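# Examination of the molecular architecture
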Amino acid sequence: QVQLAESGGGLVQTGGSLRLSCAASGRTFSDYNMGWFRQAPGKEREFVAVINWSGGTTKYSDSVKGRFTISRDNAKNTVYLQMSSLKPEDTAVYYCAGRHSLYPLISNYEYWGQGTQVTVSS
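Residues numbered from 1 in each chain as written. Predicted model: local features only at pLDDT ≥ 70, side-chain atom pairs only at ≥ 80, totals over all residues. Heavy atoms only, no water.

## Structural notes on the state of the cysteines
Counted by the stated rule, this structure contains 1 disulfide. Put simply, C22 and C96 are joined by a disulfide, and their sulfur atoms are 2.1 Å apart. Torsion about the S-S bond of the C22 and C96 cystine: about -75°, corresponding to left-handed handedness. Taken together, the residues C22 in strand β3 (residues 18-25) and C96 in strand β9 (residues 92-100) connect sequence positions 74 residues apart. For the pair C22 and C96, one class covers both residues: buried. (Disulfide = S-S within 2.5 Å. Helix = DSSP H or I, 4+ residues; strand = E, 2+ residues; numbered from the N terminus. Buried < 20%, exposed > 50% of the residue type's maximum accessible area, 1.4 Å probe, protein only.)

The following block contains the structure:
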């Protein structure tokens, strides 16, 4: 089992920045691809960004490309999501997720955190 705990959410104005963190425990963190997903009220959960086990490969949704950056620190068992130029449509609960690196980077992620709320005011 992998336990994931997000932090760093909050209320920010349009154009502002936030950095989300996700601390992992339970297994060897560097064996896992990690991702960030989000769910806005009344909408399905959607992909935001993923990063492979080494940090050498990242992928982003078109809606956040150029504004968000995913990164990881395997020594700290933590994955980050730096969010800049935030828009009201970025308002959502953001979830951290993980899946073993044996699986494709884009796949159904197995382990999930509880989520952290990000609210962008206009």
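What follows picks up the thread again.
## Quick notes on the environment of Q117
Take Q117: it is sitting in strand β11 (residues 116-121). A sequence separation of 23 residues divides Q117 from Y94, and the C-alpha atoms of the two residues are 6.2 Å apart. Dropping the residues within four chain positions of it, Q117 is found in contact with G9, G10, T91, A92 and V93. (Contact = heavy atoms within 4.5 Å.)

## A closer look at the nonpolar core
Counting residues in each nonpolar core, the largest one holds 29 residues, and the members touching the most others are W36, V79, L81, M83 and Y94. Elements represented by at least two residues in this core include exactly β3, β4 (32-39), β5 (46-51), β7 (68-73), β8 (78-83), β9 and β11. Of all the elements, β3 adds the most residues to this core, at 4 residues. Setting aside its immediate chain neighbours within four residues, V79 contacts L20, S21, C22, F29, M34, W36, I51, I70, S71, R72 and C96. Counting 5 residues, the second-largest nonpolar core is a separate cluster that includes V50, A97, L105 and Y109. (Core = buried A, V, L, I, M, F, W, Y, C linked by side-chain atoms within 4.5 Å.)

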